[in-house]
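Coordinates in review
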Amino acid sequence: MGRWDRAGRCAAYGAALALAPYLLIKVSWVAGSLLGVTPIGEGFSRAGWVLLNTVTIGMAGIGIAMALALVRPWGMRIPGWLVVFCAWTGSGFLVSILPYAVLSALLDAVRGGSGSGGGDEPAMPGWEAALVQFGFVGMGLGLAVALPAYLRRRWPDAFIVQVGDGADAPRVRAPWAAVVAAVVGLVWLYWAVGGTLGVSGAAERDTNANVLTGVGAFWALAGSAAVWMLARPRPARLPRRLLLALGWLGSGSLFAWSGWKLPITLLVALVHPADADPPENPAVAAVLHLAAVVAGIGMLRTLVNSRLHTTA
């Protein structure tokens, strides 16, 4: 076993262990809310709170299983498309939540420790919040090492010399998805810096919400630019691997986060529940999330086509 494989093995087990406390915390929230011994998140009914956290329990379980699949022998027998999809979606979630966690913690420290009060989770003791953040950071760092090691073992030919980075590189399909992603990213950036057009409750937006929106805007714009440059017939000045990484992360962020938010936004837009008062106009937000999901899928397809055209 080479040094790279040993590092990937340790990273995969570390990622699974890091996310385990988050899974246990979420299970305790569901059990406690059903028994009436733990608080329910602000703005949620008991059923809605249990449903939300049950979904996140499933997501955490999938994340732990994926981390183990990257190192256990049975992981090599999983269909390749399933591994790629889970890794792509998981990367999309983590690449946004990790910088948000750091930036929001810094902003809370500057404000003297006052939280956002966003209502996504009940007030947590410090040790519990630290475990949640540790889980996200540990999973993100672990997958960043374990996933390339897995891909190198399973598809070694993809890491052999690639050609076609010169002027003779074939042009792939026009990256319409990059244009859609850029439009979505610009709207999110406008909201993140305080824009009010399309915002029905500007007073409801806090700094942490703006930070998360800004992080999403960054990945949408970065992924859009990367995919656009990869689709050009002329060679890009940036390293091709960097463009592939930015396109992968940007498209994954668009698909993962908007795929998560779209059903909730549609529910609010159609049902108008009394206890839900989102800052953005639900109809506008739903259109943007749908466009982001479609753009993310389209960008991934462009990346795959580009890779197929340029691999020896």
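Below is a short write-up of the structure. (Residues numbered from 1 in each chain as written. Predicted model: local features only at pLDDT ≥ 70, side-chain atom pairs only at ≥ 80, totals over all residues. Heavy atoms only, no water.)

1. Re the side chain of Ser33
You can see Ser33 is positioned in helix H1 (residues 3–35). Overall, Ser33 belongs to the buried group, its relative accessible area being 0%. A distance of 2.9 Å separates the side chain of Ser33 from the backbone oxygen of Val30, its partner in a polar contact. Ignoring any residue separated from it by four or fewer positions in sequence, one finds Ser33 in contact with Thr38, Ile40, Arg46, Trp49 and Val50. (Helix = DSSP H or I, 4+ residues; strand = E, 2+ residues; numbered from the N terminus. Buried < 20%, exposed > 50% of the residue type's maximum accessible area, 1.4 Å probe, protein only. Polar contact = N/O pair within 3.5 Å; in protein donor to acceptor, adjacent residues only side chain to side chain. Contact = heavy atoms within 4.5 Å.)

2. Let's talk about the environment of Trp74
Structurally, Trp74 is set in the loop between helix H2 (46–69) and helix H3 (80–110). We classify Trp74 as partly exposed; its relative accessible area is 36%. For Trp74, the contacting residues outside a window of four places in its chain are Ala65, Leu68 and Ala69.

3. Overview of the pattern of salt bridges
Tallied over the entire structure, the rule returns one salt bridge. With its nearest N and O atoms 3.8 Å apart, the salt bridge here joins Asp5 to Arg153. Of this pair, Asp5 sits in helix H1 while Arg153 is found in helix H4 (residues 126–154), placing the two residues 148 residues apart along the sequence. (Salt bridge = Lys/Arg side-chain N within 4 Å of Asp/Glu carboxyl O.)

4. Topic: the side chain of His289
Tracing the backbone shows His289 in helix H8 (residues 282–310). Note on His289: relative accessible area 8%, which makes it buried. Ignoring anything within four residues of it in the chain, the contact list for His289 reads Trp188, Ser258, Lys261, Leu262 and Thr265.

5. Here's the deal with the packing of aromatic side chains
To describe a pair of aromatic rings, one takes the distance between the centres and the angle between the planes. In this structure the tally under the stated criterion is seven aromatic pairs. Considering the side-chain rings of Phe85 and Phe255, the 5.7 Å spacing of their centres and the 75 degrees angle between planes classify their relative orientation as edge-to-face. Residue Phe85 is found in helix H3, and its partner Phe255 is found in helix H7 (residues 240–271); the two are separated by 170 residues along the sequence. Accessibility expressed as a relative area gives 38% for Phe85, which makes it partly exposed. What makes Phe255 buried here is its relative accessible area of 16%. Look at Trp88 and Phe255: their rings are 4.8 Å apart centre to centre, the planes differ by 25 degrees, and that puts the pair in the stacked class. Here Trp88, found in helix H3, pairs with Phe255, found in helix H7; they are 167 residues apart in sequence, far enough to count as distant. Through a chain of ring-to-ring contacts, three or more aromatic side chains come together here, namely Phe85, Trp88 and Phe255. (Phe/Tyr/Trp six-rings, centres within 6.5 Å; stacked < 30°, edge-to-face > 60°.)

6. Quick look at H4
In this model H4 runs 41 Å from its N-terminal to its C-terminal C-alpha over 29 residues, within 8% of the 42 Å that 1.5 Å per residue would give. Remark: the principal bend of H4, roughly 30 degrees, maps to Leu143. (Expected span 1.5 Å × (residues − 1). Bend = angle between axes of the 7 residues up to and from the residue.)

7. Quick word on the packing of H1 against H2
One way to put it is that H1 packs onto H2 with a least axis distance of 9 Å and a crossing angle of 160 degrees. Between H1 and H2, the angle is such that the two are roughly antiparallel. As H1 runs across H2, the sense of the crossing is left-handed. (Axes fitted to C-alpha atoms, helices over the stretch in contact; angles between N-to-C directions. Parallel < 35°, antiparallel > 145°, perpendicular 65-115°, else oblique. Left-handed = near helix turned anticlockwise from the far one by under 90°.)

8. Some words on the nonpolar core
Grouped together as the largest cluster of nonpolar side chains are 38 residues, with contacts concentrated most on Leu70, Ile97, Phe136, Met139 and Leu143. Listing elements by their share of this core, those giving two or more residues are H1, H2, H3, H4, helix H6 (207–230) and H7. The contact partners of Phe136, leaving out residues within four places of it in the chain, are Tyr22, Leu94, Ile97 and Leu98. Core analysis: the second largest hydrophobic core is formed by 20 residues, Ala177, Ala178, Ala181 and Val184 among them. (Core = buried A, V, L, I, M, F, W, Y, C linked by side-chain atoms within 4.5 Å.)

9. With respect to H1
Since there are 3.6 residues in each turn of an α-helix, residues three or four apart along the chain are aligned in direction. Taking 1.5 Å per residue, 33 residues should reach 48 Å; H1 reaches 49 Å between its end C-alpha atoms and fits that length. Of all the bends found along H1, the most pronounced is centred on Ala20 and spans about 25 degrees, while Pro21, a proline, follows it within four residues. Taken from the residues just after H1, Gly36 is the one with a positive phi, measuring 75 degrees.

10. What about the environment of Trp176?
Among the secondary structure elements, Trp176 is positioned in helix H5 (residues 176–192). A relative accessible area of 45% places Trp176 in the partly exposed class. Measuring from C-alpha to C-alpha, the distance between Trp176 and Ala295 comes to 8.1 Å, with 119 residues separating the pair along the chain. Contacts of Trp176, omitting those with residues within four sequence positions, involve Val294 and Gly298.

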